[in-house]
Amino acid sequence: MILPWKKRTHNKKNKKQLCDDLDVEVIIPTHFRCPISLDLMKDPVTLCTGITYDRESIDRWIEAGNETCPVTKQVLKTFYQIPNHILRRMIQEWCVDNRSQGVERIPTPRIPVSPYQVSEVCSRIVGATQRGDGNKCEELVRKIKNWCKESERNKRCILENGTSCTLSACFQSFASVSSEKHINLLGEILSVLSCMIPFGEENRSMLGSESSLRCIIWFLKSGDLSARQNAVLVLKELLYSDERQAITKTLLEIEGAVETLVYLIREPISPTATKASLMAIYYMISSTVNNNKITSRFLETGLVSVILEIIVEAEKSICEKALSVLDAICNTEQGKKEAYKNALIMPLLLKKILRVSDSATELSLSVFWKLCKERMKDEEGVIIEAIQVGAIQKLLVILQVGCGESTKGKVTELLKLLYVYKNRVDCVDSSMDFKKRKQKGFDDCKDCFDLEGREKTRWTSKKSVDGLDFAIDEVLATRKPGTIRIGLDIGGGVATFAVIMMERNITIVTTSMNLNGPFNNFIASRGVVPLYISISQRLPFFDNTLDIVHSMHVLSNWIPTRLLHFLLFDIYRVLRPGGLFWLDHFFCVGEQLKEVYAPLIESVGFNKLKWVVGRKLDHGPELREMYLSALLEKPLNNSW
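This write-up is about the structure you can find in this document. (Residues numbered from 1 in each chain as written. Predicted model: local features only at pLDDT ≥ 70, side-chain atom pairs only at ≥ 80, totals over all residues. Heavy atoms only, no water.)

**Some points on the sheet that holds strand β7 (residues 507-512)**
Ordered in space as β8-β7-β6-β9-β10-β12-β11, the seven strands form an open sheet in which the pairing is mixed. The open sheet has two free edges, formed respectively by β8 (529-532) and β11 (607-616), since each of these has just one partner strand. Across the sheet, the mean angle separating the axes of adjacent strands is 15 degrees when strand polarity is ignored. Two elements, β11 and strand β12 (residues 625-633), share nine bridges in a ladder whose sense is antiparallel. (Pairing = 2+ DSSP bridges. Helix = DSSP H or I, 4+ residues; strand = E, 2+ residues; numbered from the N terminus. Axes fitted to C-alpha atoms, helices over the stretch in contact; angles between N-to-C directions.)

In structure tokens form, the structure reads like this:
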């Protein structure tokens, strides 16, 4: 049996045909392919069952816990692999013969290092260490380093044969004698050790000695970029252990240790080093020995300002780690006082809520809760500023999208506190009108319960010249009379939509969360059905059951994109084939509609019956906000 391998080739005789590539099938004999991956074998090895595989593929098979031969299904009596040199040479010759078809010759693989070789080198390192022969140790460490670079298999073999303990003992021995004299050797050891994380207890005890830690800090301060990164990776791993308290105590006694870690964040050399520095600082601050003293040392270096600066534009992982450090700092009174002094603290924390990740949201909320819970009269202005930039709305959003019990308790406690200060804001300065600082997704509810006001004329006729306001009768006219009988209004306020539909013999269930008012009670008093459910929950309806789903304002760009995508698919699920989804006044920033939300809505699979876009000017044209009103249909040929 033979299998094809398509490659591109050119006709060299005719220059015009250089642009007209031809598909040429290069036939690869089946026995040149690995039975697991079906790719051309680069390093064929034979098992005890007599079947040949590519080394990389069979290694993955065995590492996954399989104990049988993939082809014969026989139990492997031994996992020993014999290199099939004859087959490898045949493959190389075939590659050379087909070079004109674009096939590259596979290189001759290096023979993997064996446990015996690793043990022998480790023994020689131990002997050279005892003799104080730094040059010989450096030569042997570089040999191990080269082995690690060759393949992951070599690295695993080196790790499994106690190399990290040998190198840790060597590092401790030469660091205690003269670190500057053996600087090259110690740098090479750190380079190899940074690839052998996590460490065992024996490694930690040797690398956690005072002489070893002083040497690591020296590399952090004076080494090249690679050495500094290796040093901070090793230090972070040492602090992630039960010996954290003792190691932290020793580090505090080493001159420049604290300042150097902060400097690595202030002047980053790589994302990896920044993350390791943040985690090392977090482990030190969160240790239980002299917590206030440790935090004080870091605060003296301006750590809070540094953390806030990197949070502004940091990527997800760095942002989460930076917030973890800030949360640990705020466990102390001095840390909270220092945080209060920075004007960016509240706006930044609120900005990161629901913007980065669930972890970042919880950490931001934790810091916010600690700062507000232990508030002082001198810092009340900071809390008032937080209210002005939308703290209450953000907290309400967290409750709306769902959260854990612990987070929910903090949010509830914060809302009780902030509502007290919100009243003070209104009394102190009328220019601080909170209604002008509304966050996306929430309306001022002062007129919601006034049925003789704006609720009286909603959906009864077209009111806007831009076509964004669809009338209910206009929407119902798109279907045969009597085919729309039951539906759902998501975030339907006081259920005016449901009441108007009831007058047309259509039953509408209205969802509400009682935010800013007793909406569920009011909806029930109007003789329609309320449903107390958040947008983060799956709709409690069976598939293909509803005739119409309506949503006004609630589904907009304040909702995280992933959650919005889930909601749209869930709406699609509960609609019957031919059912209508009325997306009423969805709003977002102009460029978001074209780049994010229009493709997201279209990806669900609805047919477009109406699609109207217009300007949203109630908060001013400078915000560049847009409205989208759309009438969408679930296709008849797609019932899931």
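Read on, since the account is not over.
**Looking at helix α14 (residues 291-300)**
Every buried residue of α14 is listed here: Ile294, Thr295, Ser296, Phe298 and Leu299. Those residues of α14 that are buried lie in contact with α11 (244-253), α12 (257-266), α13 (271-285), α15 (303-313), α16 (316-329) and α17 (333-341). With its phi angle positive at about 80 degrees, Gly302 sits one or two positions after the end of α14. (Buried < 20%, exposed > 50% of the residue type's maximum accessible area, 1.4 Å probe, protein only. Contact = heavy atoms within 4.5 Å.)

**What about the packing of helix α9 (residues 210-222) against α12?**
At a closest axis distance of 10 Å, the pairing of α9 and α12 adopts a crossing angle of 45 degrees. By the angle class used here, α9 and α12 are oblique. Between α9 and α12 lies a crossing whose hand is left-handed. Taken together, the residues of α12 that come into contact with α9 (itself represented by Ile217, Leu220 and Lys221) are Ala257, Thr260, Leu261 and Leu264. Here the contact of α9 with α12 is composed, by residue class, of five nonpolar, one polar and one charged. (Parallel < 35°, antiparallel > 145°, perpendicular 65-115°, else oblique. Left-handed = near helix turned anticlockwise from the far one by under 90°. Nonpolar A, V, L, I, M, F, W, Y, C, P; charged D, E, K, R; others polar.)

**Brief notes about the side chain of Thr52**
When you line up the elements, Thr52 lands in strand β4 (residues 52-54). Within polar-contact distance, the side chain of Thr52 engages the side chain of Thr46 at 2.9 Å. Not counting residues within four places of it along the chain, the set of residues in contact with Thr52 comprises Pro35, Met41, Pro44, Val45, Thr46, Asn84 and Leu87. (Polar contact = N/O pair within 3.5 Å; in protein donor to acceptor, adjacent residues only side chain to side chain.)

**Some words on the pattern of salt bridges**
Pairs can form between side chains of opposite charge once their charged atoms are near each other. By the definition in use, this model includes 25 salt bridges. Taken together, the salt bridges that share partners define one network made up of Glu138, Arg142, Lys145 and Glu188. (Salt bridge = Lys/Arg side-chain N within 4 Å of Asp/Glu carboxyl O.)

**Focus on the packing of helix α26 (residues 561-574) against helix α27 (residues 590-604)**
Packing of α26 against α27 leaves a shortest axis separation of 9 Å and a crossing angle of 30 degrees. The orientation of α26 relative to α27 falls into the category roughly parallel. Pair α26 / α27 crosses with right-handed handedness. For the pair α26 and α27, contact is made by Thr561, Leu564, His565, Leu568, Phe569 and Tyr572 and by Val596, Tyr597, Leu600, Ile601, Ser603 and Val604, respectively. Residues belonging to the contact of α26 with α27 are distributed by class as follows: nine nonpolar, three polar and no charged.

Purely geometric numbers; function is a separate question.
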